[in-house]
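Each chain is listed here by its residues.
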Amino acid sequence: MSSEFVLETRDLVKEFKGFTAVDKVNLKVRRGHIHALIGPNGAGKTTVFNLLTKFLIPTRGQILFNEQDITSMKPAAIARKGIIRSFQISAVFPHMTALENVRVALQRFEGNSFHFWKSEKTLNKLNDRAYALLESVGLESFADTVTVELSYGRKRALELATTLAMEPELVLLDEPTQGMGHEDVDRVVELIRQAAVGRTILMVEHNLSVVSKLCDQITVLTRGAVLTEGDYKAVSQNPQVKEAYMGSEANVLEGAH
């Protein structure tokens with residue numbers, strides 16, 4: 001492995017018609033860690049994610065992946081490098097079964113992107129890997145279930161399985177537990193923990209209890225800039241962080257463990 005940091009940003013800036021959404025953000029994501037980006041609404045977290053995956057072009061600054069400058073690369077090239085992002089909204093095919101969804105992701109990884117016309121025999125070669133991925137996220141008994149019939153939490157588990165099918169080195173998770181009840185949150189926390197074995201995860205997450213359970217390192221953004229960084233204990237006790245979250249959310253910071 002080349003560097004202890006799999007991802008770095010250097011003075012990353014994004015301006016929209018005079019408004020600075022991301023202001024000189026310097027991020028260092030350590031290899032093998034689960035790293036969280038947190039902050040109040042409008043802090044710039046999703047904009048940073050969009051810059052990292054090239055859905056937005058930085059105004060200034062650099063993005064490095066394994067010490068290589070990827071600032072000018074297109075989204076597809078970023079994905080091929082091993083940076084895969086999951087979105088706030090579940091991004092699976094609703095009218096395919098869970099197994100078919102994972103198989104499509106495996107096809108993409110093999111370079112047969114969306115060859116739906118390929119023979120069933122060819123596709124069946126991928127079944128063993130697809131079943132193994134479903135099992136890894138607790139969905140083995142739902143292999144033949146049409147995705148639209150899965151619960152929200154299980155859809156997110158399926159999305160994680162399709163993400164892992166791409167064999168990413170760095171997984172970007174955007175609000176992985178948004179809109180979930182306690183039971184689903186606990187399931188997804190465990191899945192993220194398993195998914196982190198042998199890879200690096202950078203996540204945006206509002207649920208601070210999830211952050212406290214999972215994350216090695218936390219970067220707090222406010223008004224597009226880095227307010228502070230550290231582990232959960234250090235960050236949650238920082239007076240500036242409490243002030244940024246204000247009121248009820250500050251209490252959540254205290255009681256998240």
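Located above this text is the structure these notes cover.
The structure presented is a predicted model; accordingly, all values stated were derived computationally and were not measured. (Residues numbered from 1 in each chain as written. Predicted model: local features only at pLDDT ≥ 70, side-chain atom pairs only at ≥ 80, totals over all residues. Heavy atoms only, no water.)

J.: Break down the environment of Val226 for me, with residues and values.
T.: In this structure, Val226 sits in strand 10 (residues 225-230). For Val226, a relative accessible area of 31% translates into the label partly exposed. A sequence separation of 188 residues divides Val226 from Ile38, and the C-alpha atoms of the two residues are 9.9 Å apart. (Helix = DSSP H or I, 4+ residues; strand = E, 2+ residues; numbered from the N terminus. Buried < 20%, exposed > 50% of the residue type's maximum accessible area, 1.4 Å probe, protein only.)

J.: Give me the lowdown on helix 7 (residues 182-195), citing residues and values where you can.
T.: Taking 1.5 Å of rise per residue, 14 residues should cover 20 Å, and helix 7 covers 20 Å from first to last C-alpha, within 8% of that figure. Along helix 7, the residues classified as buried are Asp184, Val185, Val188, Val189, Leu191, Ile192 and Ala195. The buried residues of helix 7 occupy an angular sector of 165 degrees when projected down its axis, which confines them to one face. Opposite the buried face of helix 7, by more than 90 degrees, sit the exposed residues His182 and Glu183. Residues of helix 7 that are buried make contact with strand 3 (34-38), helix 5 (127-136), helix 6 (152-165), strand 7 (170-174), strand 8 (200-204) and helix 8 (208-214). (Expected span 1.5 Å × (residues − 1). Arc of directions from axis to C-beta. Contact = heavy atoms within 4.5 Å.)

J.: So what's going on with the pairing of strand 4 (residues 60-65)? Residues and values would help.
T.: Judged from the five bridges that link them, strand 1 (residues 5-16) and strand 4 form a sheet pairing that is antiparallel. The residue bridging Val13 from the neighbouring strand is Arg60, located in strand 4. Pairing geometry for strand 4 and strand 5 (residues 68-69), over two bridges, is antiparallel. Opposite Leu64, over in strand 5, you have Asp69 as the bridge partner. Between strand 4 and strand 5, which follow one another and run antiparallel, lie two residues, and Asn66 among them has a positive phi close to 50 degrees. (Pairing = 2+ DSSP bridges.)

J.: Give a detailed account of the sheet that holds strand 10, specifying residues and quantitative values.
T.: Spatially, six strands are ordered 6-7-8-3-9-10 in an open sheet, and the strand pairing comes out mixed. Strands with a single pairing partner mark the edges of an open sheet, and in this sheet they are strand 6 (83-86) and strand 10. Neighbouring strand axes in the sheet, compared pairwise and without regard to direction, differ in orientation by 20 degrees on average. Relative to strand 10, strand 9 (residues 217-222) runs antiparallel, the two being bridged by five bridges. Counterpart to Thr219 in the pairing with strand 10 is Glu229. Where helix 6 meets the sheet, it contacts strand 6 and strand 7, and its direction lies at approximately 165 degrees from that of strand 6. (Axes fitted to C-alpha atoms, helices over the stretch in contact; angles between N-to-C directions.)

J.: Report on the nonpolar core, specifying residues and quantitative values.
T.: Among the nonpolar cores identified, the biggest contains 48 residues, and Ile38, Val102, Ile201, Met203 and Ile218 are the most heavily contacted of them. Among the nonpolar cores identified, the runner-up in size contains 23 residues, and Val6, Leu7, Val29 and Leu170 belong to it. (Core = buried A, V, L, I, M, F, W, Y, C linked by side-chain atoms within 4.5 Å.)

J.: Break down the pattern of salt bridges for me, citing the residues and quoting the values.
T.: Inspection of every chain in the model, using the stated rule, returns eight salt bridges. Here Glu15 and Arg60 are joined by a salt bridge, their closest N and O atoms 3.0 Å apart. Of this pair, Glu15 sits in strand 1 while Arg60 sits in strand 4, and the two are 45 residues apart along the sequence. Relative accessible area serves as the criterion here: at 31%, Glu15 is assigned to the partly exposed category. (Salt bridge = Lys/Arg side-chain N within 4 Å of Asp/Glu carboxyl O.)

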